[in-house]
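Summary of structural features
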Amino acid sequence: MSPARSISLSLGSALPEVARPAIAAIVRAALQAVDPSQALRRYLWRKDDVLYVRGVAQSWPLRGYRGVYLIALGKAALPMARSAARLLRGVLHRSLIITKEAGQSLPDAEMLTADHPIPGERSLQAGQRLMEFLSGLQEEDLLLVLLSGGGSALAAFPPLLKGKPLPLDDLQALNQALLACGADIRAINILRRHLDPLKGGGWLRVTRASTLTLVLSDVIGNAPEAIASGPTVPDPTTLADAWKVIERYRLDSLLPAAILEALKEAPETLKPDDPILRPLPDGRLRHVYQIVGDNRLAARAALRAARRHGFHASLLTTRLQGEASQAGRFLAAILRQIAESGEPLPRPACLIVGGETTVTLRGHGRGGRNQELALAAALELEGVPQVALLALATDGQDGPTDAAGSVVTGETVRRAADLGLDAQTFLENQDSHTFFTALQDTLRIPTGWTNVNDLIFLFGF
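Residues numbered from 1 in each chain as written. Predicted model: local features only at pLDDT ≥ 70, side-chain atom pairs only at ≥ 80, totals over all residues. Heavy atoms only, no water.

Let us look at the overall build of the protein. If you tally the helices and strands in the protein, you get 16 helices and 17 strands. A globule of 461 residues ought to have a C-alpha radius of gyration of about 23 Å, and the protein, at 23 Å, matches this closely. Projecting the C-alpha coordinates of the protein onto the three principal axes gives extents of approximately 65 × 55 × 35 Å. Expressed as a percentage of the 461 residues in the protein, the buried residues total 59%. As displayed, the protein offers around 18400 Å² of accessible surface, 51% of which is attributable to carbon and sulfur atoms. (Helix = DSSP H or I, 4+ residues; strand = E, 2+ residues; numbered from the N terminus. Rg over C-alpha atoms; globule rule 2.2 N^0.38 Å. Buried < 20%, exposed > 50% of the residue type's maximum accessible area, 1.4 Å probe, protein only. Areas by Shrake-Rupley, 256 points an atom, 1.4 Å probe, with all protein chains shown as cover.)

Now for the pattern of salt bridges. Under the criterion given, the structure shown has 21 salt bridges. For Glu411, the salt bridge identified is with Arg414, shortest N-O distance 2.6 Å. In this structure Arg414 comes out as partly exposed when scored by relative accessible area, which is 41%. Between Asp441 and Arg415 there is a salt bridge, with the nearest N and O atoms lying 2.7 Å from each other. Here Arg415 lies in helix H14 (residues 412-418) and Asp441 lies in the loop between helix H16 (432-439) and strand E16 (442-443), a separation of 26 residues in the sequence. Under the relative-accessibility criterion, Asp441 is labelled buried at 0%. (Salt bridge = Lys/Arg side-chain N within 4 Å of Asp/Glu carboxyl O.)

Here we take up H16. All of the buried residues along H16 are Ser432, His433, Phe435, Phe436 and Leu439. For H16, the angular spread of buried residues about the axis comes to 160°, placing them on one side. Looking one or two residues past H16, Gln440 carries a phi angle of roughly 60°, positive in sign. (Arc of directions from axis to C-beta.)

With that out of the way, let us pick up the environment of Gly367. Secondary-structure assignment places Gly367 in the loop between strand E13 (349-355) and helix H13 (369-380). Between the alpha carbons of Gly367 and Gly405 there is a distance of 9.1 Å; along the sequence they are 38 residues apart. Look past the residues within four positions of Gly367 in its chain and what remains in contact with it is Asp398, Gly399, Pro400, Thr401, Gln430, Ser432 and His433. (Contact = heavy atoms within 4.5 Å.)

Before going further, it helps to examine the sheet that holds strand E3 (residues 60-61). Spatial ordering of the open sheet is given by E1-E2-E3, a layout of three strands whose pairing is antiparallel. Unpaired on one side and paired on the other, strand E1 (44-47) and E3 mark the two borders of the sheet. Where strand E2 (residues 50-53) and E3 come together, two bridges link them in antiparallel fashion. Within E3, the position partnered with Val50 by the bridge is Pro61. Across the face of the sheet, helix H2 (residues 36-43) comes into contact with E1 and E2 while running at roughly 50° to E1. (Pairing = 2+ DSSP bridges. Axes fitted to C-alpha atoms, helices over the stretch in contact; angles between N-to-C directions.)

So, about unusual backbone geometry. That bond from His116 to Pro117 is cis: its omega, 5°, falls within 30 degrees of zero. With respect to the helices, strands and loops of the structure, Pro117 is situated in the loop between strand E6 (110-113) and helix H4 (121-135). In the segment running from Glu343 into Pro344, the intervening peptide bond is cis, with an omega of 5°. Here Pro344 is to be found in the loop between helix H12 (324-341) and E13. Look at Arg250: it is not a glycine, yet its phi comes out positive at around 55°. Arg250 gets classed as exposed once you look at its relative accessible area, which sits at 65%. We note that Gln430 has phi near 50°; this positive angle belongs to a residue other than glycine. Inspection of the secondary structure assignment puts Gln430 in the loop between helix H15 (423-428) and H16. For Gln430, a relative accessible area of 9% translates into the label buried.

Glancing now at the packing of aromatic side chains. The way to describe two aromatic rings as a pair is by their centre distance and the angle between their planes. Taken as a whole and judged by the stated rule, the model has seven aromatic pairs. Relative to Tyr52, the ring of Trp45 lies with its centre 5.8 Å away and its plane at 15°, an arrangement referred to as stacked. Taken together, the ring pairs connect Phe311, Phe457, Phe459 and Phe461 into an aromatic cluster. For the cation-ring pair, Arg94 lies above Phe133, with the distance from its terminal atom to the ring centre recorded as 4.7 Å. (Phe/Tyr/Trp six-rings, centres within 6.5 Å; stacked < 30°, edge-to-face > 60°. Lys NZ or Arg CZ within 6 Å of the ring centre and 35° of its normal.)

Keep in mind these numbers describe shape, not what the thing actually does.
So, in structure tokens, the structure goes:
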């Protein structure tokens, strides 16, 4: 395995200088553990002309197929595709890569950049090209599918109403309403799966090829149907569940009437008992799915690194969910207790948290879930000495901002006040990015590197 790639970090100005090298090493360890190329190589290998996957009983004799094809979809599509293409050199026929920021290209691959988090015209073009690619494959072909977070928006096919696709405006209104209502990713994807024929097992209805899907998960709990909206797996939810999401989040008054009408006409998604999913005549599975990296992998790597650097360290959870500001207050309370009593960890302490919170939009500022969480935590930590909280999105982009997250200490609120900034006002207006930019306390990591939810670090020095 090749050496881990070096990762550039900007940790803001709030951290004490003596702690910065150790904290940087801990964050880097977490991100390097879920380097898409490294993760793929840990799970996928080739011996002669046979392909093997860790944790899967069967193998794939590559010369036994008419053709071997590759589709990579998601924010980490390019590094995953590059690693797979090297492995499949000499047998790979064609590749399609759909991602958010290409940056570089892959020789002999068709590369499409599309829109995220709201699908745009490029997302529809990617969805159409995806349909064409899938429909051209035959039963004698093998399709390697590489999925990572962001795939739901990057490749979209509009809902159909009376047999005709709805306009892009309606699709964007759907996604904007879902992102603004405070719904978690599971609820969002229930609706996405039932309104887009590419999702909820939709690829398997389009293609006749056998599929091997390898996944870098950005979903808490790694539910296959939720990652990139589950294009190659059956969907355990139903149309009735989709209507429950609309009712729970009161979306009937927010969504275009055409979306609601299209949902009434929508067919059910692929279910586990569908004949498409039956094994091949020789007993082997036609469609195989395997997770190769997730938030827990990153958090455990951070835990090991923290202990190497002398911290009393523990992993609290990788399932943090809920409203970002409430989560920030809760985590600040734990950090305050570490400072006051040395519980649950004595100093020097590092408590690691993974997951993904949500933000219900009420203000008119600019921010992201991690920056909002950190700002709420800063208010609770005011005056607490020798503590820090870092919150970051592992994909390098927290909401519609150019920061991965932010860093706060017990001095954050006072430093802001010295600049004439009232932290509570910025929190109420959900303008956390403006707040942390003024303090030079935004946290920056590479974008397009990986995508496995969020990480939060609680430090007591």
